[in-house]
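An overview of the molecular structure
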Amino acid sequence: MVDEESMSGLQLALEDGPQDSPVHLVPNHQVNNLTRGVQSSESPPTYAEAVPGADPEEWNHLQPNPAPGDIRTTDDPERETWGSNLDFLLSIIGFAVDLANVWRFPYLCYKNGGGAFLIPYLLMLTLGALPLFYMELVLGQFHRQGPISVWRICPIFKGLGYCAVLVSFFVSFYYNVIIGWAFHFLISSFNYKLPWKDCLNSWNDDECAIKCETILDPETNQTYSQLFKSDSNLTSIFGNITCNQTRSPAKEYFNKAVLRVHESEGIYDLGVPQWQLILCIGAVYCLLYLSLFKGVKSSGKVVWLTATMPYVVLSILLVRGLMLDGAMDGISFYLSVDWKKLREPQVWIDAAVQIFYSVGAGFGVHLAYASYNKFHNNCYRDCLVTSAVNSFTSFFSGFVIFTYLGYMAKSQGKDIENVADQGPGLVFEVYPQAVATLPGSQFWAVLFFFMLIMLGMDSAMGGLECVITGVMDEFKEFFHKHKISREIFTGFVVFFSFLVAIVCVTPGGYYVFNLLEVYAAGLSLLTTVFFEAVAVSWVYGLRYFGNDIYAMLGHRPGIYWRICWKFISPCVLAGIIAIHMVDYGPFEMEMYDGTVYKYPAGAQWAGRILASTTMACIPLTAIYVVIQAKRNGPASKKRTWIQSFGIAITPCYETIQDDQNTRFTMAHWKQL
């Protein structure tokens, strides 16, 4: 017999009237009404605890028969779960903490006022990214469905799931190539001499120099550039090359020996894929398959290495970096506060874009990962821990990077702003050059590129897990009917992504890589997150969403969360989207030799079409769902388009009369 206190959690969730979630489908008359008042620390009961001795078949009639294509309304009892809560926590931390924490945040921080940049960054985190991150964890954990099927709560927005899955899949085409580059550098780091240590290699040009000095000829009163080609003080003197035109050995190694971009004239001149890079990205995809083919039972163990090892390596690199001459200059430059920067709108835009992309809301990964949680897992705690670790990692990695930038600037006699960079240029050009000058450079290079691989693998696993979970949950009957196992489908997804990624390892592949990086996620991701907030807080309803949280955690969200979900976060996202849409200039890319490549109009339209294919899922699916609702109406009375729209915004597991839809009432839209 269930005691009195164990019943109060479900009873409180029921007392406000009909609820929009499966846990509220228990018949009211079967709920024990003996007592009320439960300690807030206790979790609400399960069905078996709440309705002792009840046969689930007795309340199956409360669930409507889904129309063709509708999502199943019952939880899958065979759905696997994480081996432990730490497996899940490390997985979402590993996805949120990726390469951008190392190569983008430090650059943005110094460019936008140093320590002052933390003010807009933390504000955008607390008012925008954090609430939406929490929302995704709750959705995935409560409904135990992937990023597509979870929108049974509001079928008209199911296109958000398709959009998220496509975005994650498109991102894998180029993101995994970055890990492949890191593999190439890692293997090269085991050479007796690092191949980017000096300018004495076949791929080096006259502009290559590890150091440059300007000298004055007293007889002719002309200036010349003295370029140091190696540590042995082998020099060359040029009158037609200035020190600002020189390139580091690491820059030339990355662009000419690894990418071979000099062999291509542009995006229309791809060339033949390089077998060395094919092997490298092939190794990446093999590791991804081995990590994913068994589901969270396998990936949950891999993250114990991939999510924790970067912090060990970063700490070691920081200790070594602090011993270098000029390290404190780099840190001082990194933290120097310029309060005037806060007056510039671009600083706030950079902060918002960085934190939204860094947290990872909108990719569907958090929905997929959370769907494998146990029902009463404390996802609220996981959200706060992950956000704190993510922000700490970004800030901490800045110390590591700028100690070496300060050292490099000191050794080359340059200002720090002239050596600082972001993106691939920082981790494959600037940092390797700094490491090459250290004693035992091979060891430090191996550590650094091993860390990059670990950072990238977590995010790569998350992106493909979103695709696999999303598709297999949505088309579960198809996979069962044709006996397609997860192992087979995972192999198909990984292999297809690998085939597309091969395009990025041709001599002209870097142009394709940059095109995908700009258009694959960008606006599509922000649009997805915006409509997620609207769908949950306005259409589904915060009262129902709060009851879902109470059913899992034993407490309802506070006023801060509700205001952010309904007003602040959507407004912040709408502002960022508007800026993105009007900020369209020529699509250009600066090359390693200082020239600027302007993408042809055809390539720009290809990128826009790529972005449109993901965003188009939202309106097209909405139209399809409304039409299906109209077609599947009762035979006795034809539904109007307004009634069909009402069905499309109502959870597919809720039974309502067409003319009694509470979602058309002002009370529903006003709820907070």
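Described in the following lines is the structure provided in the data block. Please read all numbers here as calculations on a predicted model, not as lab measurements. (Residues numbered from 1 in each chain as written. Predicted model: local features only at pLDDT ≥ 70, side-chain atom pairs only at ≥ 80, totals over all residues. Heavy atoms only, no water.)

Description of the overall build of the protein chain
The helix and strand tally for the protein chain stands at 26 helices and five strands. When each of the 672 residues of the protein chain is scored for burial, the buried share is 59%. Residue pairs at least 24 apart in sequence account for 79% of intrachain contacts in the protein chain once pairs closer than 6 positions are excluded. Within the structure as shown, the protein chain displays about 27,700 Å² of accessible surface, and the carbon and sulfur contribution to it stands at 62%. (Helix = DSSP H or I, 4+ residues; strand = E, 2+ residues; numbered from the N terminus. Buried < 20%, exposed > 50% of the residue type's maximum accessible area, 1.4 Å probe, protein only. Contact = heavy atoms within 4.5 Å. Areas by Shrake-Rupley, 256 points an atom, 1.4 Å probe, with all protein chains shown as cover.)

A short note on the sheet that holds strand S3 (residues 235-238)
Here we have three strands laid out as an open sheet, ordered S1-S2-S3, and antiparallel in their pairing. Only two strands of the sheet have a single partner each, and these edge strands are strand S1 (211-217) and S3. With strand direction ignored, the average angle separating the axes of adjacent strands in the sheet is 25°. Pairing geometry for S1 and strand S2 (residues 222-228), over seven bridges, is antiparallel. Counterpart to Cys212 in the pairing with S2 is Leu227. (Pairing = 2+ DSSP bridges. Axes fitted to C-alpha atoms, helices over the stretch in contact; angles between N-to-C directions.)

Considerations on the packing of helix H3 (residues 85-96) against helix H10 (residues 296-306)
At their nearest, the axes of H3 and H10 sit 8 Å apart, and the two run at 60° to each other. Comparing the axis directions of H3 and H10 gives the class oblique. Handedness of the crossing formed by H3 with H10: left-handed. Contacts between H3 and H10 pair Leu86, Asp87, Leu90 and Ser91 from the former with Gly300, Lys301, Val303 and Trp304 from the latter. Class assignment of the residues belonging to the contact of H3 with H10 gives a composition of four nonpolar, two polar and two charged. (Parallel < 35°, antiparallel > 145°, perpendicular 65-115°, else oblique. Left-handed = near helix turned anticlockwise from the far one by under 90°. Nonpolar A, V, L, I, M, F, W, Y, C, P; charged D, E, K, R; others polar.)

Section: helix H9 (residues 275-292)
Over its 18 residues, H9 runs 25 Å from end to end, which matches the ideal 26 Å to within 8%, given 1.5 Å per residue. Leu277, Cys280, Ile281, Gly282, Val284, Tyr285, Leu288, Ser291 and Leu292 are the residues of H9 that are buried. Turning to H9, the residues buried within the fold contact helix H7 (159-188), helix H8 (249-259), H10, helix H17 (441-474) and helix H19 (486-501). (Expected span 1.5 Å × (residues − 1).)

Comments concerning the nonpolar core
Within soluble globular proteins, side chains that are nonpolar tend to cluster in buried spots. Of all hydrophobic cores here, the largest spans 194 residues; its most connected members are Trp181 and Phe428. The residues touching Phe428, leaving out its near neighbours within four places in the chain, are Ile178, Trp181, Ala182, Phe185, Ala250, Phe254, Phe449 and Leu452. Counting six residues, the second-largest nonpolar core is a separate cluster that includes Cys212, Phe238, Ile241 and Cys243. (Core = buried A, V, L, I, M, F, W, Y, C linked by side-chain atoms within 4.5 Å.)

With respect to a nonpolar patch on the surface
A surface patch of nonpolar side chains, amounting to about 840 Å² of accessible area, comprises Ile119, Leu123, Leu127, Val337, Trp339, Ile559, Tyr560, Ile563, Phe567 and Leu672. Counting residues per element, the ones that place at least two in the nonpolar patch are helix H6 (118-143) and helix H22 (559-582). Of the residues forming the nonpolar patch, the biggest block, four residues, is contributed by H22. Exposure remark for Phe567: the relative accessible area of 39% places this residue in the partly exposed category. (Patch = residues over 30% accessible without salt bridge, like charges linked within 9 Å, V, L, I, M, F, W, Y side chains within 5 Å. Salt bridge = Lys/Arg side-chain N within 4 Å of Asp/Glu carboxyl O.)

Quick look at helix H23 (residues 601-615)
A rise of 1.5 Å per residue sets the reference length of H23, with its 15 residues, at 21 Å; its end C-alpha atoms lie 21 Å apart and thus fit the reference within 8%. What H23 keeps buried is the set Ala603, Gln604, Gly607, Ala611 and Thr614. For H23, the buried positions fall inside an angular range of 105° around the axis, keeping them on one side. Opposite the packed face of H23, turned more than 90 degrees from it, sit the exposed residues Ala601, Trp605 and Ile609. The secondary structure elements touched by the buried residues of H23 are H7, helix H20 (509-519), helix H21 (522-553) and helix H24 (617-631). (Arc of directions from axis to C-beta.)

Quick look at the state of the cysteines
Under the counting rule described, the total for this entry stands at one disulfide. Note on cysteine connectivity: Cys199 is disulfide-linked to Cys208, with sulfurs 2.1 Å apart. Its S-S torsion of approximately -75° makes the covalent link between Cys199 and Cys208 left-handed. In this structure, Cys199 and Cys208 share a single accessibility class: buried. (Disulfide = S-S within 2.5 Å.)

Quick notes on the side chain of Ser248
Assignment of secondary structure puts Ser248 in the loop between S3 and H8. Given a relative accessible area of 15%, Ser248 falls into the buried group. With sequence-adjacent residues up to four places away left out, Ser248 is seen in contact with Cys208, Ala209, Glu429 and Gln433.

Regarding unusual backbone geometry
Both trends apply: most residues other than glycine have a negative phi, and most peptide bonds are in trans. Phi is positive for Arg260, close to 60°, though the residue is something other than glycine. Note on placement: Arg260 falls in the loop between H8 and H9. Accessibility expressed as a relative area gives 28% for Arg260, which makes it partly exposed.

Structural notes on the environment of Cys109
Following the sequence through the fold, Cys109 ends up in helix H5 (residues 105-111). On the basis of relative accessibility, which here comes to 0%, the residue Cys109 falls in the buried class. Considering only alpha carbons, one finds Cys109 and Phe395, 286 residues apart in sequence, at a separation of 8.7 Å. Excluding its chain neighbours within four sequence positions, the residues that come into contact with Cys109 are Gly114, Phe117 and Tyr334.

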